[in-house]
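Here are the chains, one letter per residue:
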Amino acid sequence: MNRSLSHLLQSCQTLGSLKSIHARLLIDGSITSSDLILNKILRLYSRFGATGYAYKAFVRIPQPNSFLWTSVIHGFVENREYTEALSLFSWMRDENVELLCFTICSVLKALSRQTRLKDGEAACGLALKSGFGYQLIVQNAILDLFMRCGKVDFAGQLFDEMQERDIVSWNSMISGYGNNGKLEDARKLFDTMSERNVISWTGMICGYVKAGDMAEAQALFEAMPVKDLASWNVMISGYVEAGDMNAARIAFEAAQTRDVGTWNLMILGFCKGAELDSAKQYFNRMPIKNVASWAILIDGLIKAGEIDSARSLFDQMPEKGMVAWSTMIGGYAKNGLPCSALQLFESFKEQGIEPDETFILGIISACSQLGILDAAESIIQNYLGPSLFSSPQVVTSLIDMYAKCGSIKKAFEMFEMAHPKDLVCYSTMIAAFANHGLAQDAISLFNEMYKANIRPDGVTFLGVLAACDHGGLVHEGKWYFRQMTEKFGIQPSERHYACMVGLLGRAGCIEEAYGLTCSIPAKATSVVWGALLAACALHCNVQLAETAAEELFKIEPENSGNYILLSNIYASAGQWCDVAKVRAMIREKRVRKNRGSSWIELGSIVHEFVMADVSHPESDDIYLILDLLQKDMKILGYVIVAKQQELLPLANSCDYFLFS
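Quick caveat: nothing in here was measured; it's all calculated off a predicted structure.

Each value, and the rule that gives it
- Counting starts from 1 at the beginning of each chain's written sequence and moves along it residue by residue.
- Confidence filtering applies because this is a predicted model: local features only for residues at pLDDT of at least 70, side-chain atom pairs given and counted only at 80 or more, and all residues used for totals across whole chains, interfaces and linings.
- Processing note: side-chain calculations cover all non-hydrogen atoms of the structure and skip hydrogens and water entirely.
- Elements are defined by DSSP. Helices are runs of H or I of four residues or more, strands are runs of E of two residues or more, and each kind is numbered from the N terminus.
- To get the radius of gyration, use the C-alpha atoms; to get the globule rule, take the number of residues to the power 0.38 and multiply by 2.2 Å.
- Accessible area is worked out with a 1.4 Å probe on protein chains only. A residue is then buried under 20% of its type maximum, exposed over 50%, and partly exposed in between.
- Here a residue-residue contact requires only that any non-hydrogen atoms of the pair lie within 4.5 Å.
- Method for areas: the Shrake-Rupley scheme with a 1.4 Å probe, in which residue coverage is limited to the protein chains shown.
- The sign given to each residue is positive for Lys and Arg and negative for Asp and Glu; His and the chain ends receive no count.
- Charge placement uses NZ in Lys and CZ in Arg. For Asp and Glu, CG and CD serve respectively.
- Throughout, an axis means a line fitted to C-alpha atoms (over the contacting stretch in the case of helices), and angles, computed between N-to-C directions, take values from 0 to 180 degrees.
- Throughout this description, any angle smaller than 35 degrees is read as roughly parallel, any larger than 145 degrees as roughly antiparallel, any in the 65 to 115 degree range as roughly perpendicular, and the remainder as oblique.
- Note on convention: near helix rotated counterclockwise from far helix by under a right angle means a left-handed crossing. Clockwise means right-handed.
- All amino acids are sorted into three groups, where Ala, Val, Leu, Ile, Met, Phe, Trp, Tyr, Cys and Pro are nonpolar, Asp, Glu, Lys and Arg are charged, and the leftover types, Gly among them, are polar.
- Counted as salt bridges are all cases of a side-chain nitrogen of Lys or Arg within 4 Å of a carboxyl oxygen of Asp or Glu.

**Q** Just give me the short version of the overall build of the protein, but keep the residues and values in it.
**A** Along the backbone of the protein there are 39 helices and two strands. A globule of 660 residues ought to have a C-alpha radius of gyration of about 26 Å, yet the protein, at 33 Å, is considerably larger. Reported as C-alpha extents along the three principal axes, the dimensions of the protein are approximately 100 × 60 × 50 Å. Considering the protein as a whole, with its 660 residues, one finds that 46% of them fall into the buried category. Counting contacts in the protein only where the partners sit at least 6 residues apart, residues at least 24 apart contribute 56% of the total. Summed over all atoms, the accessible surface of the protein reaches about 34600 Å², with 52% contributed by carbon and sulfur. Charged side chains in the protein number 59 positive and 72 negative. The centres of these two groups are separated by 3 Å.

Right under this line is the structure:
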C-alpha cells in the first residue's frame, strides 16, 4: 500500500488533489502508518505554498522525528516565512530532538535572509557542536550568511580555509562580493573558476547591474554560453533600473524564454518612465497575468493621475490581493480623494483579508484629509495590532492624523509612545504644533530634537517657520531662517520663502516681504506670490496687491481664488471700478470658481455636500430643515444673501456676486 500511495503522492499536481489524499488517509486511519508518507505530505504542502496546512498536519503527529521537523522548517524557509521557521526550530530545540545537517542549513538560510548576524554566529557554533561544521553544505550556508550580513572579509577567510569547495561555494562568493560592491574581487574569482555554470555567469552579471555598469554587464551577458530565464530577467531589470527602456525592449524581444516576471519588469519600467501607452500594450499582450501584473499597472496609472482608469482596471481584476487593495486605497488618498478611499475600504472589509502596513497608512491618510476622528479610531481599534504600533511610519502617520482631526493632545500622546523618535517623527509633531498655533511648543520640541543630536532637515525647518508665522514671532522666524541656510546649509524651498513672506506680511512688514520675494534666486512661484497677496489683503495694500496679482495671473490664470482676493482688496479700499474690471477679466478669461464642498461625520460615516446638492438620500429632509432655519433667521432679524437679492454691502459679498 505504501508503494502505491507513494506513487500517488509523487504524481500529485495540485493542492486540491493533495488535500483529497490527505483526507482519505485521515479517515481510514493510515496516516501514521509511515513516516515516509507523512514526510512527503508535509513537503508537498510546502511546495504548493500551503505551509499552514503543513503545520496543522505536523502538530497532529504524536512524536514527529527529526526528518518531519526538518521538512516543516525547510518548507517555511522555502516560502520565505523565516520567522515561523525559526520559531519552529526553537520548539524543536526545546523538545531535545536530534538535529540533522539539513536542519542546520535551513536555519542558517533563514537567518541569512533576515541578516541576523548574532543569531547566525550562534547557529554556526551549534553546527560545530553537532558535528556538522565541516560538511560542505553547511559551510556553503555559512558563507552565504556572512556575505549577506556584510562580513565579506570573514567569508573570504572561510572560503580560503575550506578543504573542499564546489561550484556552490564559488557562486556564493561571486554573488556575495557583487552584492557588497566588491566587483574586482568577484571578477577575479570568476576569471579563475575552472568550471562555471549559468548561476556563476548570472551572479557576476548581477553584480555589474547593481553597480550600474550596464556596458560591462552586457559584454559579459553576450559572452555567456547558455542564457537562462534568470539571466535575461537580470539584464532587463538592469535596463529598467537605468531608465533605458529601448535597450530593455530589445532584450525582451530577443529573450528566448519569458515568464510573468519578465513581462512585469517591462510594465514596471514603462510606468516608471511615464510611457503608459506602452505599459498598457505589454499588459494586454501578456499570455498570463498574476496579481503583481495588475497592481503594477494600477500603481502606474495612479502616479500618472489617471485615477479613474486605475479604478476601472482594479474592478476588472479576477483576484484582488492585499497589494492591489493597498495600492488603490492609497492612490485615492494621495490624489486627494479620501471619500473614495473610505468607500473602497467598506468593500475591503467584506473580503476578510488581513490589512498590511501600506493599507493602514492609506486609510490613515484618508481620515487625516477628512479630519474624521471617529472613523479613524474605529479603524485603529479594529486593525492596528502591536506589530503595526511598533512601526515608526504608522506611528508618525497617526500623529499627523490626530493633529489634522483636531486632537493635538492625542497626537502628542502618540508622539510620546514612539521609541525611538526619529527625524520624521519630530518633524511631524513640530508641524502639528505649528498648525494648531502652538508656536512655543513647536520651538521647544525643535530644541529638544537638536539636543538629541538629530540633525534637522528642510521639512523640520518648514514646521518651525510655520509655527513662527502662526505665532507672529518675526524675530524668531528670521533667526531660524538664517540658521537653516547658514548653519545647516539647507537651501530654502518655495514653501520656506512663502512662510517668511507670510510671517513678515502678517506683521505689517509688507515692503520687506516684497523685497524677500524679489530676492529669491529662482523666480518666485505662485505659493510665494500668493502669500504676499494674502498679506496685502490683510493690510489693504492695493499697490503691492496689484503687483502680486499680476504675477499670479501669469503663473496660474485659471485660479479663481487670486481674482477673488484682488477683488476683495479693491472692495475694501472702495475702488468699485476696479472691482468691475476684475469681474470683466473673469468673464473674458472664462475663469470658473472651483467647486467647494463640505462634509460631516456621523456614526463614522462621511456625508459630503456641494452647493444645491440633491444627491443625498435624505436631501428632502435636509432642505426642509434648512428652510425652517432660514425662516427662523428672518424672524430673528438676520439678513440672508440670496441669488435674487444682494442685501449685504457689496464689500462683504464679493465672493458671492462674482460668480452669481
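Next comes the rest of the description.
**Q** Describe the packing of helix α15 (residues 229-242) against helix α16 (residues 245-254), with residues and values.
**A** Viewed as axis vectors pointing N to C, α15 and α16 meet at an angle of 165°, and their least axial separation amounts to 8 Å. As far as their axial angle goes, α16 and α15 are roughly antiparallel. In this structure, α15 meets α16 at a crossing whose hand is left-handed. Contact residues: W232, I236, Y239 and V240 in α15; M245, A247, A248, A251, F252 and A254 in α16. The residue inventory of the contact of α15 with α16, partitioned by class, reads 10 nonpolar, no polar and no charged.

**Q** Talk me through the pattern of salt bridges; I want residue IDs and the actual numbers.
**A** Within this structure, the stated rule accounts for 21 salt bridges. Across the salt bridge formed by R187 and D191, the nearest N and O atoms sit 3.1 Å from each other. With R187 and D191 both in helix α12 (residues 183-192) and four residues apart, the pair spans about one turn of that helix. On the accessibility criterion, D191 (45% relative accessible area) is partly exposed. Between E216 and R187 there is a salt bridge; the shortest N-O distance is 3.4 Å. Within this pair, whereas E216 is found in helix α14 (residues 214-223), its partner R187 is found in helix α12, the two being separated by 29 residues in sequence. When salt bridges with common partners are traced through the structure, they connect R113, D144 and R148 into a single cluster.

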